[in-house]
Amino acid sequence: MSVVSVQNLTLSFGENTLFKGVSFDIYEKDKVGFVGANGAGKTSLFKVLKGEYLPDSGGCFIGKNVKIGYMEQHTCSNNKTVYDELISVFNDLIKMEKQLEDIAAELTQNATDELIAKQDFFTNEFQANGGLTYKSLTRSSLIGLGFDEKDFDMPTSKLSGGQKSKLILAKLLLSKADLLLLDEPTNHLDISAVEWLESFLSSFSGAFIVISHDRYFLDKVTDKTIEIENNKLRSYKGNYSEFLVKKEAEQKAIEEKYELDLKEIERLEGIIAQQRQWNREKNIKTAESKEKVIERIKAQMVVPDAKVQKIRFDFTPKCVSGDDVLDVFELSKSFGDKKIFENVSFQIKKGQRVFLLGDNGCGKTTLLKILMQDYFPESGKFKFGANLFTGYFDQVQAKLDLSKTAIDEVWSAFPHLTETRVRNALAAFLFKGDEVYKVLEKCSGGERARIALLKLMLGQFNFLLLDEPTNHLDAFSREELENTLLNYSGTMLIVSHDRYFINKLATSIIELTPNGVNTYLGNYDDYAEKRFVAEEKTKKEKPVKVNDYKLKKERASALRKLNTRLSRLEEEIEQAEEKTVMLEESLSANPPYEELLEITKQLEEITAKRDALYEEWEQVSEELTSLSD
């Protein structure tokens, strides 16, 4: 069954038409990747589906009783706590609960039949819509997402980007939406958090449409791809990689057919000219017949789409470096009392494409800034090789002068270039005409990233330090950057969460941890496989048994204590379960509202206690199993 049907939709802003006459259907369990260049109209189409934008023509029809959940970028309010932000999903229940409290207060003053009937109605509605469990659901969801109890009262303004994204996803999960609209959900997530999101979406029972430039993520979670390009929309079965293959084959077939049609028209026009030159009745009829053939060919001709404008990269270095590019010895760094990393040692040789991976906050950017001498290490040292010219791409473009125009920012960095050369370089990075005079303060994140990459390119460096270079780039620009860097003759050290990008480029991976680094040869898939094997091996390895009398006694004592605790926990769990059943039976008897509130409160308390007991039981069981091996 279709949950959304879009028919002949057209949307424009002034003279700029984003899309024209687009149609598609989304069915109950569709997992759709929505792709296209920046500015093509993907987010605008989402806003049409949400009813925030009115189309110029056409319609968007939402299925009966279909609930849409919309994940925008940065949708956490800053004036709420983590708990209040998540529980706001249940605002209808919270309002209903307040109405019941008001009715209960009125009943103490004037117990009319009308008020009693009203209380019964709202009580049934409250229970039917999950009023008895919404608070425990909120709590368990937060704990499941990795928030501690102490985090519940934390203002959302203090959350990291990844934590905010998880909180937004939790709101979607609890909203019981039938269709999720996800706009760049992987932004600000580290790889482990993205993998959590992939797991969530893979098990989601409804449909979703996701806008993302993360191609590895799209390959993992989608089974259908919709592309918007040149104001048109096309739908393909399959994930992102399958879409690329099918689109290339389709475009190639269209171009070949178009060329053949043009040649056939040219041939027929030659015959027509010849026949008309002879100017006999038979020749004129032949010419008219051929003209009709040309009309039929033109009527069915499909003109190939204009090629989407892409950035043209060229990172050719001005000279060759020595074989030894970088040696890092026992680097460590702290900020105040917080240790970021220590014992960091590695080497990079000429021509290597090394990726630096690790969880958010582990110090990847800090390490790059130490190498660029923006920060000083606590201890340790590093040494660059001979004849080395190092270029640095900062993911936040902190060194751009936002008061300057695009042309002034580039020209001031390379004053020896002519204006024509600078404008041509800007045009290659999609700044054309008067766009070169755009002030950087008014530029988007993607436009600023392009300026920073252009300056990097013009520097002709032979060692590139790149911090999240694909952020803000659409999928097509990422592919251009990848292909250029594949042919780059210099050396690279790159921080990235883009697993597709890593897979295509990496010759080795350095995993940064608080206590040093782990080095892996190969790309991301090689790294993930080796980590998985290592983790499985660690799980299977049994601790070495020491034939020490004292250790044996301590172990036996620990086993006795754990067994005793386990037995007590099982008794407490059984008591909690019995009380839960008793309270649920009391609720099913439809008690008066005041009693209902008291029973509900007790049920929440005993449920929370039972959950905590189960969690402790699992921990004790694991410890017992570990000691028994």
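Look up a bit, the structure's there.
These numbers come from a predicted model, not from an experiment.

A. Expanded view of empty space enclosed by the protein. Under the defined criterion, the tally for this structure stands at two cavities of 30 Å³ or more. Computed from the structure, the largest cavity encloses a volume of approximately 40 Å³. Every residue along the wall of the largest cavity is listed here: V35, G36, S212, H213, Y240, F243, A475 and F476. Among the secondary structure elements, those contributing two or more residues to the lining of the largest cavity are α9 (240–278) and α15 (475–486). In this structure, the second largest cavity occupies an estimated 30 Å³ of space. The wall of the second largest cavity is formed by F24, F34, L45, F46, L49, I209 and I226. Among the elements that take part in the lining of the second largest cavity, helix α1 (residues 42–50) stands out by supplying three residues, more than any other. Of the residues that constitute the lining of the second largest cavity, the class distribution is seven nonpolar, no polar and no charged.

B. Quick peek at the sheet that holds strand β2 (residues 16–27). Taken together, the three strands give an open sheet; going across it, the order is β2-β1-β4, and neighbouring strands pair in antiparallel fashion. Taken across any chain shown, the strands that pair with only one partner, and hence form the sheet edges, are β2 and β4 (57–62). Between one strand and the next, the sheet's axes are offset by a mean angle of 15°, whatever the strand orientation. Sheet topology note: the strand β1 (residues 2–13)/β2 ladder contains eight bridges and is antiparallel. Across the sheet, the residue bridging to V6 is F24, located in β2. Where α1 meets the sheet, it contacts β1, β2 and β4, and its direction lies at approximately 120° from that of β1.

How each quantity is defined
- Residue positions are given per chain, counted from 1 along the sequence in the order it is written.
- Per-residue local features of the predicted model are confined to residues with pLDDT of at least 70, and side-chain atom pairs are confined, for both listing and counting, to 80 or more; whole-chain, interface and lining totals are unaffected and use all residues.
- Based on all heavy atoms of the structure, the side-chain values leave hydrogens and waters out of the count.
- Only protein atoms enter the 1 Å grid used here. Points where a 1.4 Å probe fits but cannot escape make up a cavity, open sets with protein on both sides within 12 Å along at least five of seven lines make up a pocket, and a residue lines them when an atom lies within 4 Å of a point.
- Grid points are joined across faces, edges and corners, and a volume is the space filled by probe spheres set on the points.
- Where helices and strands are cited, they refer to DSSP runs of H or I of at least four residues and of E of at least two residues respectively, numbered from the N terminus.
- Polar here means any residue outside two lists: the nonpolar Ala, Val, Leu, Ile, Met, Phe, Trp, Tyr, Cys and Pro, and the charged Asp, Glu, Lys and Arg; Gly therefore counts as polar.
- Paired strands are those between which DSSP finds at least two bridges.
- Axis definition: a line fit to C-alpha positions, over the contact stretch in the case of helices; interaxial angles, taken between N-to-C directions, run 0 to 180 degrees.
- Contact between two residues is taken to exist if any of their heavy atoms lie within 4.5 Å; hydrogens are not considered.

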